[in-house]
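Now for the letters of each chain:
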Amino acid sequence: MSKRSRRAAPGPDTARPTVTVCRGCCCGAPKVLGLDHTAQLRELRQALDGTATVRVANCLDACERANIIVVQPSAEGRRHGGRPVWLGLVNDPEATTYIAAWVKEGGPGLTDPPGSLDLYTFGPSRRVRAELHDE
């Protein structure tokens, strides 16, 4: 991720959770076999329409864990202590379904993620967090 990347000022969508789907050099690439990357993104967008903002990032710089999805809390979730949740190796449709269901229920700070997502959760490096202003 470039150091020139900056977080935009909070907008009207901060009331909703944000789901960031990495589609950089490794995520969303043929290197990750057995997953229809286009269908994964389409499923998230359809399932979360009106509930969360779904956006695509060029690279979240944790390529060894492709495909990566980051779920950021809504403003209310953050007030309740919610922090961004990083999910890696999200390479099966069931995981995508679990993520969408959790976000629909409120996401970080408002609802605990389903236990099945424990297998995917990881902490990004301090450098990556600093670049994304999540520290």
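About the thresholds
- Residues numbered from 1 in each chain as written.
- Predicted model: local features only at pLDDT ≥ 70, side-chain atom pairs only at ≥ 80, totals over all residues.
- Heavy atoms only, no water.
- Phe/Tyr/Trp six-rings, centres within 6.5 Å; stacked < 30°, edge-to-face > 60°.
- Helix = DSSP H or I, 4+ residues; strand = E, 2+ residues; numbered from the N terminus.
- Buried < 20%, exposed > 50% of the residue type's maximum accessible area, 1.4 Å probe, protein only.
- Contact = heavy atoms within 4.5 Å.
- pLDDT = per-residue confidence, 0-100.
- Expected span 1.5 Å × (residues − 1).
- Arc of directions from axis to C-beta.

1. Describing the packing of aromatic side chains
- Under the defined criterion, the tally for this structure stands at one aromatic pair.
- Measuring from centroid to centroid gives 5.9 Å for W86 and F122, while their planes differ by 75°, and the two rings are edge-to-face. Taken together, the residues W86 in strand β4 (residues 85-87) and F122 in strand β5 (residues 121-122) connect sequence positions 36 residues apart.
- Owing to a relative accessible area of 3%, W86 belongs among the buried residues under this scheme.

2. Digging into unusual backbone geometry
- With an omega of 0°, the peptide bond running from A66 to N67 counts as cis.
- Among the structural elements, N67 can be located in the loop between β2 (53-57) and β3 (69-72).
- Despite not being glycine, D61 shows a phi value in the positive range, around 60°.
- Classification of D61 as partly exposed rests on a relative accessible area of 27%.

3. Brief notes about the environment of V54
- Structurally, V54 can be placed in strand β2.
- V54 gets classed as buried once you look at its relative accessible area, which sits at 16%.
- Placed 35 residues apart in sequence, V54 and V19 show a C-alpha to C-alpha distance of 4.7 Å.
- When residues no more than four places from it in sequence are discounted, the contact partners of V54 are V19, V21, L41, L44, R45 and L48.

4. Notes on the confidence of the model for the protein
- Across the protein, the average pLDDT comes to 86, with 85% of residues at or above 70.
- Per-residue pLDDT stays below 50 along residues 1-11; that stretch engages in 11 contacts with residues further than four places along the chain or on separate chains.

5. Here we look at the environment of A100
- Within the element layout of this structure, A100 appears in helix α3 (residues 93-104).
- Among the residues examined, A100 registers a relative accessible area of 5% and is labelled buried.
- For the pair A100 and L48, spaced 52 residues apart in sequence, the C-alpha separation works out to 6.5 Å.
- Not counting the four nearest positions on each side in its chain, A100 is found in contact with L44, A47 and L48.

6. Brief notes about α3
- Counted at 1.5 Å a residue, the expected span for α3 with its 12 residues is 16 Å, and the 17 Å between its end C-alpha atoms agrees.
- Those residues of α3 lying buried are A95, T96, I99, A100, W102 and V103. When α3 is viewed along its axis, its buried side chains cluster within an angular range of 165° and face the same direction.
- Along its buried surface, α3 packs onto β1 (18-22), α1 (37-47), β3 and β4.
- Taken from the residues just after α3, G106 is the one with a positive phi, measuring 135°.

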